[in-house]
Amino acid sequence: MSVTFEFPQTPWCESVCLAGDFNGWSHNSLPLHRPEASDSPWRVTLELPRDKEFEYRYVVNRVTWNLDERADGQVETFGGEVNSLVRT
């Protein structure tokens, strides 16, 4: 199933990557892209298995981990952190 992840364009945002349990929480293996000179959001589309739930976050400027305000939900981790949730 194709799932598109989007992060809004902001003036301070120079790069965005997607990290989640679908890629071993790699902070740089799934970069999002956006059209040059555009106010369009950053985007990446993944093929994910149906009928599953995946935790994820956006990594902005290689250091700041952000939740997705438009996620299907949120889940608290064992360490007390909160991750975004996508259901396929």
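The text that follows walks through the structure, step by step, so that each part is easy to find. (Residues numbered from 1 in each chain as written. Predicted model: local features only at pLDDT ≥ 70, side-chain atom pairs only at ≥ 80, totals over all residues. Heavy atoms only, no water.)

A few words now on the side chain of Arg 57. Relative to the helices and strands, Arg 57 is located in strand S4 (residues 53-60). Among the polar contacts made by the side chain of Arg 57, one reaches the side chain of Glu 81 at a distance of 3.0 Å. For Arg 57, the side chain forms a polar contact with the side chain of Asn 83, separated by 3.0 Å. Every residue in contact with Arg 57, bar those within four places of it in the chain, is listed here: Cys 17, Leu 18, Ala 19, Trp 25, Trp 65, Asn 66, Leu 67, Glu 81, Val 82 and Asn 83. (Helix = DSSP H or I, 4+ residues; strand = E, 2+ residues; numbered from the N terminus. Polar contact = N/O pair within 3.5 Å; in protein donor to acceptor, adjacent residues only side chain to side chain. Contact = heavy atoms within 4.5 Å.)

Examined against the element boundaries, Met 1 turns out to sit in the segment before strand S1 (2-7). Overall, the relative accessible area of 35% leaves Met 1 in the partly exposed class. Measuring from C-alpha to C-alpha, the distance between Met 1 and Leu 67 comes to 22 Å, with 66 residues separating the pair along the chain. The residues touching Met 1, leaving out its near neighbours within four places in the chain, are Leu 46, Glu 47, Leu 48, Arg 50 and Thr 88. (Buried < 20%, exposed > 50% of the residue type's maximum accessible area, 1.4 Å probe, protein only.)

A few words on the packing of aromatic side chains. For the structure shown, the criterion picks out six aromatic pairs. On the numbers, 6.4 Å between centres and 35 degrees between planes, the contact of Trp 25 with Trp 65 is tilted. Taken together, the residues Trp 25 in the loop between strand S2 (16-20) and strand S3 (42-47) and Trp 65 in strand S5 (residues 64-66) connect sequence positions 40 residues apart. Look at Trp 65 and you get partly exposed, because its relative accessible area is 37%. Taking NZ or CZ as reference, Arg 34 lies 5.1 Å from the ring centre of Trp 42, over its face. (Phe/Tyr/Trp six-rings, centres within 6.5 Å; stacked < 30°, edge-to-face > 60°. Lys NZ or Arg CZ within 6 Å of the ring centre and 35° of its normal.)

If you look at the biggest cluster of nonpolar residues, it comprises 17 residues, and the most contacted ones within it are Phe 5, Phe 7, Val 16, Leu 18, Leu 32, Leu 46 and Tyr 58. Elements that contribute at least two residues to this core include exactly S1, S2, S3 and S4. A total of four residues in this core trace back to one element, the largest contributor, which is S4. The residues touching Leu 46, leaving out its near neighbours within four places in the chain, are Met 1, Ser 2, Val 3, Phe 5, Leu 18, Phe 22 and Leu 30. (Core = buried A, V, L, I, M, F, W, Y, C linked by side-chain atoms within 4.5 Å.)

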